[in-house]
Amino acid sequence: MATVIHPEARRRVQRLERIWLDRPGVLGWLTTTDHKKIGILYLFTSLVFFGAGGVEALLVRTQLLTPNGTTLSPGAFSEVMTMHGVTMIFLFVIPISTGAFGNYLVPLMIGARDMAFPRMNAFSFWVFAASGIFMYVGLATGNGPNAGWFDYVPLASRTYNPGSAIDFYALGLIFNAISSTAAAINFIVTIFKMRAPGMALNRMPLFCYAFLAVSFALVFALPALSIDCVFLELDRRLGFSFFEPANGGTVLLWQHLFWIFGHPEVYIIILPAFGIATSIIPTFTRRRMVAFPMVALAEVLVAFIGFGVWAHHMFAVGMSTITTVYFAAASMIVVIPSAIQIFAWLTTLVTGTPIFKTPLLWIIGFIVFFIIGGLSGIMFAAIPFDQQLTDTYFVVAHFHFIIFGAAVFPLLGGLYYWFPKVTGRMYSEPVGQASFWLTFVGSALTFFPMHIVGLLGMPRRVYTYQSGLGWDGYNMAETIGAYILAGGLMLLVANLVVSYFRGPKAPDDPFGGATLEWSIPSPPPHYNFAVIPRVTTPYPMWDEQDRIEDMRKLERGEMVLDGGHETPATSVLDANWDEVIDMPSDSPWPIVTALMMSGVFAMLLTGHLVAMCVFLGLMALAVAAWHGAEPEHEAAT
Amino acid sequence: MWLGILGAPAAWTAQHVFGFGVTQAGCSPANLSVPIDTWTLIATIVAAVLAIAGLAAALLTYRAMRGTGQDDAPPEGRIYFLSICGIVISPLFLAIILMSGIATLLLTNCHQG
Amino acid sequence: MSGLNVERKRISMPAGWWGTLLFVATEATLFGTLFATYFYLRFNTPQWPPAGVPEPKVALPLILTGVLVATTIPVFFGARAALAGRARLAWLLFFVALVIQAGYFGVQVHEFLGDLDKFSPHDSAYASIYFTLLGAHHAHVVVGMAIEVWLLAKLLGGLTPYRLVGVRVAALYWYFVNAVAIGVVLTQVYPAL
């Protein structure tokens, strides 16, 4: 479908190309509102932060290679360990899954030409980048956050942490939350309103269900973190008493609010991985996903029930059992939706004809890690067990199996899977498989012994340990595993970089995928679809009749929407045609607003409140200018 | 259809937040006299009834849409799809509601654990 | 354009409205956590308000909130007028709402500063959550007024479908602020009830 033969069709495509022409060069990238370019920006930025977080991890592991290690001082260890957590969660995994994969793929999968709010999309990216730089300025100036990624008070209070390290943390996270909230709102409205006509809820790809769940979770979870950080800054900078027991405050307030955010956050981390897995499995097993409604439902349920389990991170703080049982009960039941998904995936794999190419290998690795990590997780739902093992390496093992094994493996598999679509080139399959195995073995060696050493009593977050406790061998194995893991990742990067420049040209649909992104050229044109596609099942690429009908429509000039930067809007439940929307093209206001907002946060950090107000005013002006431009023509129907 | 998908989750949310709040109110330094068991029992029963109503609604919708395929055109296909979701959701939430309610009633109030 | 029915027939609310609805959901959650914090701290404190802190006034806050909630009426009718194409009437109604809201805000700032003189967030968790909750609410009122100022400036140029979405957005935002105001005032005066 890449070459357009019919002259009428070719003329229409050329018209679309002219209408959607991008501004070239660096300025083009700074002012872009194209969801695909923004996805690429997110991808590279989050990969840079992945590298930073990875270096931090290797530093931690090297320090723990032997007892009484001397690689890092205790203070440095605290900073490196904290920044490892903060970077990996807020600056790598969330941005790459929502910002890179979500941004690039969701509009393509629903048959739209862009997100619902393209300029806000760009704004989300620039704010994310700024928030990452903001926090790393702290690290670079010797003020790296150092109280753990969860930053408990009183360690994080002014009394015990007088410098500005925690201010970088708190303000940085509020800043980052603005980016994620804007992105989440964008996804929800896009998925609700911009689906191709005919794509009712029962015909929407599972990938989109995962992102819908992620976005709702972000919208409802982030305020808890933001207000927690606001309370912390008020206590630290203005002497408020939220967390001061002497004045009626309580440190548990921080913990409750943090985990009301923090638990949904971990489901936010894993859900995009579920979405990617449910995209790759049907393609490489040549069959539809088993129990489609239940998998869609499970993705949403995991996020929903996940809001009710937060106090399982606090089973050891001294709350009464009549309180904690609510959370134990919900924590046990939240496993069931995940189990539904696992059974569906396994059944699809077993009853289909699996093709063991690199993307599927990563997904199988994901399933292995997810099952083990999920089992260790459910064990924590039992309060007595949790109280024994809280704050030990057993917990570290559990969440790394889940975050690295189960959340990151599908991302890496997804990088391979969609690489041909995004770049137009094929990666090297043998090197791809090698990179998988190296990473898999490295991960298993790094994180599995942590279960054992945790059961043997090794606490978390310690900068060193004594010898003779039986922990030495395991720690050494974990560090070696970490370096092997790093090697596997380097091989992956090398494979993709070399293939980008030298790989063979990729066809539009190298794997026989089921969703709409495979119906357009590789790499996609700016306007995505020459014809707004007709959708009758969740596997549109496998509906030959519909795709042939689309080609005929292009020739006849139906559903081409080439009157301007146009895309249709549809109704929420059933995707009935509603109106044509005129989309904005390149705009400088998103990056300008983000820069002004950075000024606000920088002045909040340094305490220059007048300057902060100036930046706030400039930001308001930028927002007014942003909304000053109205759509060019009011398209009627 | 809506009661089928939203009834049980709403019931659980209400029982969870209310129950948590009641235990916090009753067991905290403020020493407010709160009849924890009574409130917990009421909340659990109301929530359970609502969850069962949700299940019933979902089953009825499913029966009404018998003969529809999963991929069918909206609104029938979409209603059928969401009714299946309701049938799976309601028992799950009913389980959490009953587990937490019964456990809270059986345990000694305000005992630290 | 002001005499014609500009709003085309639609089957689903515009994207901008949905975006605002979700933004309202985030902010509502924010207020939810503030209310939860208030009561969590209350449960944690035997004496509420603590010794030395005066009980909150009841009459004035309730009356003020009543005035604010009453601005829902001009906002609602202003939005209806805009959708019917009556630009001048819409402008007038939103202007009336803005004036009343500004008056409300002025009195509230005066009360806020007066309270700060009487008790300080340095000394109690009660004061910390009291001032933060009220401050958050007043900040939302300021943003709402700013949106109205922008809208009034735009409407001087007449109605277009784009500006109609703006009207719907402004109205939705104010319905939200006014609804939250009821929760805020009830929480604020709760110790005196």
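Within any chain, residue numbers begin from 1 and follow the written order of that chain's sequence. Both sets of labels track the order of writing: A upward for chains, 1 upward for ligands. With the structure being a predicted model, the display of local features is reserved for residues of pLDDT at least 70 and the display and counting of side-chain atom pairs for 80 or more, all residues being used for whole-chain, interface and lining totals. As a convention, hydrogens and water are excluded, and side-chain values are obtained from all of the structure's heavy atoms.

A.B. asks: I'd like a rundown of the overall build of chain B, residues and numbers included.
C.D. replies: Numbered from the N terminus, helices here are DSSP runs of H or I no shorter than four residues, and strands are runs of E no shorter than two. Along chain B, the regular secondary structure elements total 3 helices and 0 strands. Along chain B, helices (α) and strands (β) appear in the sequence α-α-α when read from the amino end. Over its C-alpha trace chain B gives a radius of gyration of 18 Å, far above what one expects of a compact globule, namely 13 Å for 113 residues. Using a 1.4 Å probe on the protein chains alone, a residue whose accessible area is under 20% of its type maximum counts as buried, one over 50% counts as exposed, and one in between counts as partly exposed. The buried share among the 113 residues of chain B stands at 47%. Method for areas: the Shrake-Rupley scheme with a 1.4 Å probe, in which residue coverage is limited to the protein chains shown. In the structure as shown, chain B presents an accessible area of about 5200 Å², 72% of it carried by carbon and sulfur atoms. Taken over C-alpha atoms, the radius of gyration is set against a globule rule of 2.2 Å times the number of residues to the power 0.38.

A.B. asks: Quick rundown of the overall build of chain C? Include the residues and the values.
C.D. replies: Looking only at helices and strands, one finds 6 helices and 0 strands in chain C. The N-to-C order of helical and strand elements in chain C reads α-α-α-α-α-α. Counting across all 193 residues of chain C, residues that qualify as buried make up 55%. Entry remark: accessible area of chain C is about 8100 Å², with carbon and sulfur atoms responsible for 72%. Only four residue types enter the tally: Lys and Arg on the positive side, Asp and Glu on the negative side, with His and both chain ends excluded. Just so you know, the charge point we use is NZ for Lys, CZ for Arg, CG for Asp and CD for Glu. Separation of charge centres in chain C, based on 12 positive and 8 negative side chains, amounts to 22 Å.

A.B. asks: So what's going on with the state of the cysteines? Which residues, and what values?
C.D. replies: All names here are of chain B. Throughout, a disulfide means two cysteine sulfur atoms within 2.5 Å of one another. Applying the stated criterion across every chain, the model contains 1 disulfide over all chains. Disulfide pairing places C27 opposite C110 at an S-S distance of 2.1 Å. Its S-S torsion of about -85 degrees marks the bond between C27 and C110 as left-handed, since a negative value means left-handed. Of this pair, C27 sits in helix α1 (residues 2-27) while C110 sits in the segment after α3 (76-106), and the two are 83 residues apart along the sequence. Look at C27 and you get partly exposed, because its relative accessible area is 28%. We classify C110 as partly exposed; its relative accessible area is 34%.

A.B. asks: Describe empty space enclosed by the protein, listing the residues and the values that go with them.
C.D. replies: Residue and element names in this part refer to chain A. Detection works on a 1 Å grid of protein atoms alone, calling trapped sets that fit a 1.4 Å probe cavities and calling open sets with protein on both sides within 12 Å along at least five of seven lines pockets, with lining residues defined by an atom within 4 Å of a point. Grid points are joined across faces, edges and corners, and a volume is the space filled by probe spheres set on the points. This model, assessed by the stated rule, comprises 4 cavities of 30 Å³ or more. Put simply, the largest cavity is a space of about 110 Å³. For the lining of the largest cavity, the secondary-structure elements that each account for two or more residues are α7 (206-238) and α8 (251-285). Considering every element that reaches the lining of the largest cavity, the biggest residue donor is α8, with 4 residues. Under the convention adopted here, Pro, Cys and the residues Ala, Val, Leu, Ile, Met, Phe, Trp and Tyr are nonpolar, Asp, Glu, Lys and Arg are charged, and Gly plus all remaining residues are polar. Residue classes in the lining of the largest cavity are distributed as 9 nonpolar, 4 polar and no charged. Estimates place the volume of the second largest cavity at around 70 Å³. Looking at the second largest cavity, the residues that line it are Y42, F90, I94, P95, T98, F128, N176, S179, S180 and A183. Looking at the lining of the second largest cavity, the elements that each hand over two or more residues are α4 (74-110) and α6 (165-193). Of the residues belonging to the lining of the second largest cavity, the class tally is 6 nonpolar, 4 polar and no charged.

A.B. asks: Could you give an account of the interface of chain B and chain C, naming the residues involved and the relevant values?
C.D. replies: Quoted interface sizes are often the accessible area lost when the parts come together. Contacts are residue-level and defined by heavy atoms, with any inter-residue pair within 4.5 Å sufficient. Chain B puts 7 residues into the contact, and the matching count from chain C is 6 residues. Reported buried area values correspond to the accessible surface (1.4 Å probe) lost by two parts on association, with both partners' losses combined. In total, about 530 Å² of surface goes out of reach between chain B and chain C, with carbon and sulfur atoms giving 69% of it. Interface area lost by chain B to chain C is led by P29(B), A30(B) and L32(B), which between them contribute 63%. For this document, the term salt bridge refers to a Lys or Arg side-chain nitrogen within 4 Å of an Asp or Glu carboxyl oxygen. Remark: the boundary between chain B and chain C carries 0 salt bridges. For the purposes of these results, a polar contact is taken to be a pair of N or O atoms within 3.5 Å, where, inside protein, one atom must be able to donate a hydrogen and its partner to accept one; residues adjacent in sequence count only when each atom of the pair is a side-chain atom. Applying the counting criterion to the chain B and chain C interface returns 0 residue pairs in polar contact (both at pLDDT 80 or more). Residues belonging to the side of chain B that touches chain C are distributed by class as follows: 4 nonpolar, 3 polar and no charged.

A.B. asks: Explain the pattern of salt bridges to me, using residue names and the numbers behind them.
C.D. replies: Residues and elements named next belong to chain A. According to the stated counting rule, one finds 16 salt bridges over all chains in the structure shown. In this structure, D167 engages R236 in a salt bridge whose closest nitrogen and oxygen atoms are separated by 2.9 Å. Of this pair, D167 sits in helix α6 while R236 is found in helix α7, placing the two residues 69 residues apart along the sequence. The residues D167 and R236 share a single accessibility class, namely buried.

A.B. asks: Requested: an account of the packing of α1(B) against helix α2 (residues 36-64) of chain B, with residues and values cited.
C.D. replies: Two numbers describe a pair of packed helices, the interaxial angle and the distance between the axes. All names here are of chain B. Interaxial distance between α1 and α2 falls to 7 Å at its minimum, and their mutual angle equals 170 degrees. As judged from the angle between their axes, α1 and α2 are roughly antiparallel. On α2, the residues that touch L3, G4, G7, A8, A11, Q15, F18, V22, T23, G26 and C27 of α1 are I36, W39, T40, A43, T44, A47, L50, A51, A53, G54, A57 and A58. Here the contact of α1 with α2 is composed, by residue class, of 15 nonpolar, 8 polar and no charged. Angles run from 0 to 180 degrees between N-to-C directions of axes, and those axes are lines fitted to C-alpha atoms, restricted for helices to the stretch in contact. Our angle categories are set so that under 35 degrees counts as roughly parallel, over 145 as roughly antiparallel, 65 to 115 as roughly perpendicular, and the remainder as oblique.

A.B. asks: Describe the pairing of strand β2 (residues 577-582) of chain A, with residues and values.
C.D. replies: Residue and element names in this part refer to chain A. When you tally the buried positions in β2, you get 5 out of 6 residues, the bulk of the element. When DSSP locates at least two bridges between a pair of strands, those strands are taken to pair. In terms of strand pairing, strand β1 (residues 566-570) meets β2 through 5 bridges, oriented antiparallel. Opposite T570, over in β2, you have W577 as the bridge partner. In sequence, β1 turns back onto β2 through a hairpin of 6 residues, with A575 there showing a positive phi of about 55 degrees.

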